[in-house]
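# Summary of structural features
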Amino acid sequence: MASFDPFPVLTTPRLRLRSIEPGDVERIFRIQSDPEVTRYFGRGPDASIADSERRIATIIAGVREHTSIRWGITLEESGELVGTGGFWRWNKPHRWAEIGYELLPAFWNRGIMTEALRAVLRFGFASMDLHRVEAQIDPENRASARVLERLGFAREGLLRQNWYHDGRYTDTAVYGLLRDDLEAAAT
């Protein structure tokens, strides 16, 4: 079983994925308060620094309690925190978890999220002993779907009108990735 102590830092050619700390609150707020970032989240953007402080506390508690893990995605060159990504809804007995992620719009369309998530997925399969990873996204979020598809995820279904937000029901597209799928996508 994976150990999150010390926190597992992941590196890629352009990125360093590290723990999210209370000192990151301004950057997390910048990310989570951006309506473009949260457009498809099924919830509104963070309205205050206090919202982001609570979000960070939840992330830290999940790592400490060994129920979830989320990395801050930083640029190797500058150390700038530009997004986050990780696993939640970790179902240990059945060896699967859900993946979630977000990135500042200024860094979209550069392959950053695909690069970061490939490292996160490798960690999940190798160190958390996951067999399966799921992603649930708004089907209108084509950019997120493209990231998942590049990583080898298959769209497995559509949950019709299962989410209510902002006065309307929305659908959820369900994607799945098995351990062997990631390696097949990398070749």
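The text that follows walks through the structure, step by step, so that each part is easy to find. Small disclaimer: the values here were computed from a predicted structure and weren't measured. (Residues numbered from 1 in each chain as written. Predicted model: local features only at pLDDT ≥ 70, side-chain atom pairs only at ≥ 80, totals over all residues. Heavy atoms only, no water.)

### Focus: the overall build of the protein chain
- Helix and strand content of the protein chain: 5 helices and 8 strands.
- By its C-alpha atoms, the protein chain is 40 × 40 × 35 Å across when sized along the principal axes.
- Considering the protein chain as a whole, with its 187 residues, one finds that 47% of them fall into the buried category.
- Counting only contacts in the protein chain whose residues sit at least 6 apart along the sequence, the fraction spanning at least 24 positions is 61%.
- Accessible surface for the protein chain amounts to roughly 9700 Å². Of this, 50% is attributable to carbon and sulfur atoms.
- When the 25 basic and 27 acidic side-chain charges of the protein chain are each reduced to a single mean position, those positions are 2 Å apart. (Helix = DSSP H or I, 4+ residues; strand = E, 2+ residues; numbered from the N terminus. Buried < 20%, exposed > 50% of the residue type's maximum accessible area, 1.4 Å probe, protein only. Contact = heavy atoms within 4.5 Å. Areas by Shrake-Rupley, 256 points an atom, 1.4 Å probe, with all protein chains shown as cover. Lys, Arg positive; Asp, Glu negative; His and termini not counted. Charge placed at Lys NZ, Arg CZ, Asp CG, Glu CD.)

### Overview of the sheet that holds strand β3 (residues 69–75)
- With mixed pairing, the 8 strands of this open sheet are ordered in space as β1-β2-β3-β4-β5-β6-β8-β7. Each end of this open sheet is capped by a strand with a single partner; those strands are β1 (10–11) and β7 (154–165).
- One ladder, built from 7 bridges, connects strand β4 (residues 81–91) with strand β5 (residues 96–103); its direction is antiparallel. Residue T84 lies in a different strand from β5, and its bridge partner there is E102.
- Here helix α1 (residues 25–32) sits on the sheet and contacts β4 and β5; the angle it forms with β4, its principal contact strand, is near 80°. (Pairing = 2+ DSSP bridges. Axes fitted to C-alpha atoms, helices over the stretch in contact; angles between N-to-C directions.)

### So, the environment of S68
- With respect to the helices, strands and loops of the structure, S68 is situated in the loop between α2 (49–64) and β3.
- In contact with S68, other than residues within four places in its own chain, are F4, G62, V63, F87, W88 and W90.

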